[in-house]
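Residue-level structure breakdown
Chain residues, written in single-letter form:
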Amino acid sequence: MPFLLLFFASLAFAAPVAAATLPNEPVRSLDLNHYAGQWHEIARLPMYFERKCLDGVTARYTPNADGTVRVDNTCRTRKGRMSVTGVARIKDGQPGALEVRFAPGWLSWLPVTWADYWVIEVDPDYQWAVIGSPGRKHLWILARKASMDHALFRTLKEHSRQRGYDVDQLMITAPLE
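The numbering scheme is per chain: residues are counted from 1 as the chain's sequence reads. Local features in this predicted model are restricted to residues of pLDDT 70 or higher, and side-chain atom pairs are both shown and tallied only at a pLDDT of 80 or more, whereas totals for entire chains, interfaces and linings draw on every residue. The basis for the side-chain values is all heavy atoms of the structure; hydrogens and waters are excluded.

Any Lys or Arg side-chain nitrogen found within 4 Å of a carboxyl oxygen on Asp or Glu counts as a salt bridge. As enumerated under the stated definition, the model contains 11 salt bridges in all. Note that Asp 168 and Arg 161 form a salt bridge whose closest N and O atoms lie 3.5 Å from each other. Only protein chains enter the accessibility calculation, which uses a 1.4 Å probe. A residue is then buried if its area is under 20% of the maximum for its type, exposed if over 50%, and partly exposed in between. By relative accessible area, Asp 168 is classed as exposed at 57%. Of the residues examined, Arg 161 reaches a relative accessible area of 36% and is grouped as partly exposed.

On to the packing of aromatic side chains. Centres within 6.5 Å are what make two rings of Phe, Tyr or Trp a pair, Trp counting through its six-membered ring; a difference in plane orientation under 30 degrees is then read as stacked, over 60 as edge-to-face, and the rest as tilted. Enumeration according to the criterion identifies 4 aromatic pairs in this entry. The interplanar angle of 40° and the centroid separation of 5.2 Å between the aromatic rings of Tyr 35 and Tyr 61 together place this pair among those described as tilted. Taken as a pair, Tyr 35 in helix 2 (residues 32-35) and Tyr 61 in strand 2 (residues 55-63) lie far apart in primary sequence, 26 residues in all. Residue classification places Tyr 35 among the buried residues on the basis of a relative accessible area of 2%. The class of Tyr 61 is buried, set by a relative accessible area of 9%. With a centroid separation of 5.4 Å and 80° between ring planes, the pair formed by Tyr 48 and Phe 49 is classed as edge-to-face. We note that Tyr 48, like Phe 49, is exposed. Every member of this aromatic cluster is reached through a ring pair, and the members are Tyr 35, Trp 39, Tyr 61 and Tyr 117. Ring-over charges, as used throughout, are those where CZ of Arg or NZ of Lys falls within 6 Å of the ring centre and within 35 degrees of the ring normal. The ring of Tyr 48 carries the charged tip of Arg 51 above its face, separated from the ring centre by 3.9 Å. Directly above the ring of Trp 114 sits Arg 89, whose terminal nitrogen or CZ lies 3.6 Å from the centroid. Helix and strand definitions follow DSSP, with helices as H or I runs of at least four residues and strands as E runs of at least two, each counted in order from the N terminus.

Right, let's get into the state of the cysteines. Our working definition of a disulfide is a cysteine sulfur pair at a distance within 2.5 Å. In the structure shown here, the tally under the stated rule is 1 disulfide. Across a sulfur-sulfur distance of 2.1 Å, Cys 53 and Cys 75 are joined as a disulfide pair. Its torsion about the S-S bond being -70°, the disulfide of Cys 53 and Cys 75 is classed as left-handed. One end of the pair, Cys 53, is in the loop between strand 1 (37-44) and strand 2; the other, Cys 75, is in strand 3 (residues 69-77), with 22 residues separating them in the sequence. Each member of the pair, Cys 53 together with Cys 75, is buried.

Among the nonpolar cores identified, the biggest contains 21 residues, and Leu 30, Tyr 35, Tyr 61, Tyr 117, Val 119, Ile 131 and Leu 142 are the most heavily contacted of them. Every element with two or more residues in this core is listed here: helix 2, strand 2, strand 3, strand 5 (94-101), strand 6 (115-122), strand 7 (128-132) and strand 8 (140-143). If you tally residues by element for this core, the top one is strand 6, at 3 residues. Only heavy atoms matter for contacts: two residues are in contact if any of them lie within 4.5 Å across the pair. Contacts of Tyr 61, omitting those with residues within four sequence positions, involve Tyr 35, Ala 36, Gly 37, Trp 39, Val 69, Arg 70, Val 71, Tyr 117 and Leu 142. Listed in part, the 18 residues of the second largest apolar core include Ile 42, Ile 120, Phe 153 and Val 167. In these notes, a set of buried Ala, Val, Leu, Ile, Met, Phe, Trp, Tyr and Cys residues joined through side-chain atoms within 4.5 Å is what counts as a nonpolar core.

What follows is the structure, given as structure tokens:
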């Protein structure tokens, strides 16, 4: 009987540790030159603007001379390839907190044309990244390769869950190895 009490008492103390969450915030340091280049979407939370994208989703980031970043997104749809070009800018001097706009440039003065794009986790060698948003409605898991190791994916998914994202809704759009 004392063993059972000790066992259940240890569970009670362990539960708060297991329930600990990670902060949902942009990384403090992001080297845009290393982040630049092509990324493959491995998974995402459903979102209106990608509703037609089935798979083969890529994003190419190219630094501009003015400090902004050109964003070229493509994906495969039922009717072929679809592409859109936008621009990203660093928000409030935080390198991992960007805003992205796909609306025409003449609308850039409207705050609603800019969406938060937070790099919330990134590999030290920039081989994978997790992108989120302040309201936790948007989430992407990206990789340099067109597939991802299943164990790594599970880890990134769990980190996202601990940040408060509804990862049960994740759409996997690339192969897991």
